[in-house]
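The residues making up each chain are set out below.
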Amino acid sequence: MSGNLRANIKKGLEVAIVLKQDQRSGKLTQGVVKDILTNSPNHPHGIKVRLESGEVGRVKQIIA
């Protein structure tokens, strides 16, 4: 599933995000979605979320 569509992202879903400081390297961080921060139905760089760990980034992969 695409991390670019808000409809695919739900609270409690395990995802891989790219943090702001990791955008150049493309390093992914895994975690569970706590909040969805992007209001628009889609975003070309991925929907911005806050993980339960407090980290904020854009969804690149949906794991489960």
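Rules used in this analysis
Residues numbered from 1 in each chain as written. Predicted model: local features only at pLDDT ≥ 70, side-chain atom pairs only at ≥ 80, totals over all residues. Heavy atoms only, no water. Buried < 20%, exposed > 50% of the residue type's maximum accessible area, 1.4 Å probe, protein only. Helix = DSSP H or I, 4+ residues; strand = E, 2+ residues; numbered from the N terminus. Pairing = 2+ DSSP bridges. Salt bridge = Lys/Arg side-chain N within 4 Å of Asp/Glu carboxyl O. Core = buried A, V, L, I, M, F, W, Y, C linked by side-chain atoms within 4.5 Å. Contact = heavy atoms within 4.5 Å.

Draft legend 1. Region of interest: the pairing of strand 1 (residues 14–19). With five of six residues buried, strand 1 is to be regarded as a mostly interior element. In this sheet, strand 2 (residues 28–36) lies alongside strand 1 in antiparallel orientation, the contact comprising five bridges. Pairing of Ala16 across the sheet is with Gln30, part of strand 2. Where strand 1 meets strand 4 (residues 56–62), five bridges bridge the pair, whose relative direction is antiparallel. Its bridge partner being in strand 4, Ala16 is matched across the sheet by Gln61.

Draft legend 2. Representation of the pattern of salt bridges within the structure. All chains considered together, the criterion is met by two salt bridges. Of the charged contacts, one joins Asp22 and Lys27 as a salt bridge, the two residues approaching to 3.9 Å between their closest N and O atoms. When the shortest N-O distance is used, the salt bridge between Arg50 and Asp35 registers 3.0 Å. Taken together, the residues Arg50 in strand 3 (residues 48–51) and Asp35 in strand 2 connect sequence positions 15 residues apart.

Draft legend 3. Fine view of the nonpolar core. Among the nonpolar cores identified, the biggest contains eleven residues, and these are Ile9, Leu13, Val15, Ile17, Leu19, Val33, Ile47, Val49, Leu51, Val59 and Ile62. Every element with two or more residues in this core is listed here: strand 1, strand 3 and strand 4. The greatest single-element share of this core, amounting to three residues, is contributed by strand 1. Val49 has contacts with Ile9, Ile17, Val33, Asp35, Ile36, Leu37, Glu55, Val56, Gly57 and Val59, leaving out every residue within four places of it along the chain.

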